[in-house]
Amino acid sequence: MTIPRERVIAELSFGFWRSLLARQYKTKLWPGLAGAFPHAPNRALETVEDPVKQLHEFRNRIAHHEGTWHLLLEAHRDDMQTCSAS
């Protein structure tokens, strides 16, 4: 049975993508991944890694039913826009 590439990508967890953007991969993986983030102002790994890390932590707070009313939601929106593909 052949599994479509789109399905494989969709099944990967947010934690996988967050780990993929770790600075340890800056020289090996980042040059090939940089083009996937057209809205990152300078296409630097740090520009994408930090917002993804913050979004991952925010997502985990929500998943564990922690309060988020005191957080700056605009900052998370900006993080999402930095990381979006379109």
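Anyway, here's the lowdown on the structure attached to this text. (Residues numbered from 1 in each chain as written. Predicted model: local features only at pLDDT ≥ 70, side-chain atom pairs only at ≥ 80, totals over all residues. Heavy atoms only, no water.)

Counting secondary structure elements, the protein contains five helices and zero strands. Each principal axis of the C-alpha atoms in the protein carries an extent, and together these give about 45 × 35 × 25 Å. The buried share of the protein, reckoned over its 86 residues, is 24%. Long-range pairs, those at least 24 residues apart, make up 51% of the contacts in the protein between residues at least 6 apart in sequence. Put simply, the protein shows about 6,300 Å² of open surface, and 58% of that area lies on carbon and sulfur atoms. If you average the places of the 11 positive and of the 10 negative side-chain charges in the protein, the two averages end up 6 Å apart. (Helix = DSSP H or I, 4+ residues; strand = E, 2+ residues; numbered from the N terminus. Buried < 20%, exposed > 50% of the residue type's maximum accessible area, 1.4 Å probe, protein only. Contact = heavy atoms within 4.5 Å. Areas by Shrake-Rupley, 256 points an atom, 1.4 Å probe, with all protein chains shown as cover. Lys, Arg positive; Asp, Glu negative; His and termini not counted. Charge placed at Lys NZ, Arg CZ, Asp CG, Glu CD.)

The next subject is the side chain of histidine 56. Tracing the backbone through its elements, the reader meets histidine 56 in helix 4 (residues 45–63). On the accessibility criterion, histidine 56 (15% relative accessible area) is buried. When sequence neighbours within four positions are dropped, the list of residues in contact with histidine 56 reads Phe14, Gly15 and Arg18.

Bringing the nonpolar core into the picture now. Formed by Leu21, Trp30, Ala34, Phe37, Ala40, Leu45, Val48, Val52, Leu55 and Cys83, the largest nonpolar core amounts to 10 residues. Top contributing element to this core by residue count: helix 4, with four residues. Every residue in contact with valine 48, bar those within four places of it in the chain, is listed here: Leu21, Trp30, Phe37, Ala40 and Cys83. (Core = buried A, V, L, I, M, F, W, Y, C linked by side-chain atoms within 4.5 Å.)

Moving on, we come to the side chain of glutamate 49. Checked against the element boundaries, glutamate 49 lands in helix 4. Taking relative accessible area as the criterion, glutamate 49 reaches 5% and is therefore assigned buried. Setting aside anything within four residues of it in sequence, one finds glutamate 49 in contact with Arg18, Leu21, Ala22 and Arg23.

Further remarks concern helix 5 (residues 73–83). Count 3.6 residues to each turn of an α-helix, and residues three or four apart come out pointing the same way. Considered for burial, the residues of helix 5 that qualify are His76, Asp79, Thr82 and Cys83. Buried residues of helix 5, seen end-on, are gathered within an arc of 115 degrees and therefore sit on one face of the element. Taken together, the buried residues of helix 5 touch helix 4. (Arc of directions from axis to C-beta.)

Evaluation of the coordinates by the stated rule reveals four salt bridges. With a shortest N-O distance of 3.9 Å, arginine 23 and glutamate 46 are connected by a salt bridge. Taken as a pair, arginine 23 in the loop between helix 2 (14–20) and helix 3 (30–33) and glutamate 46 in helix 4 lie far apart in primary sequence, 23 residues in all. Arginine 23 sits in the partly exposed class, given a relative accessible area of 40%. (Salt bridge = Lys/Arg side-chain N within 4 Å of Asp/Glu carboxyl O.)

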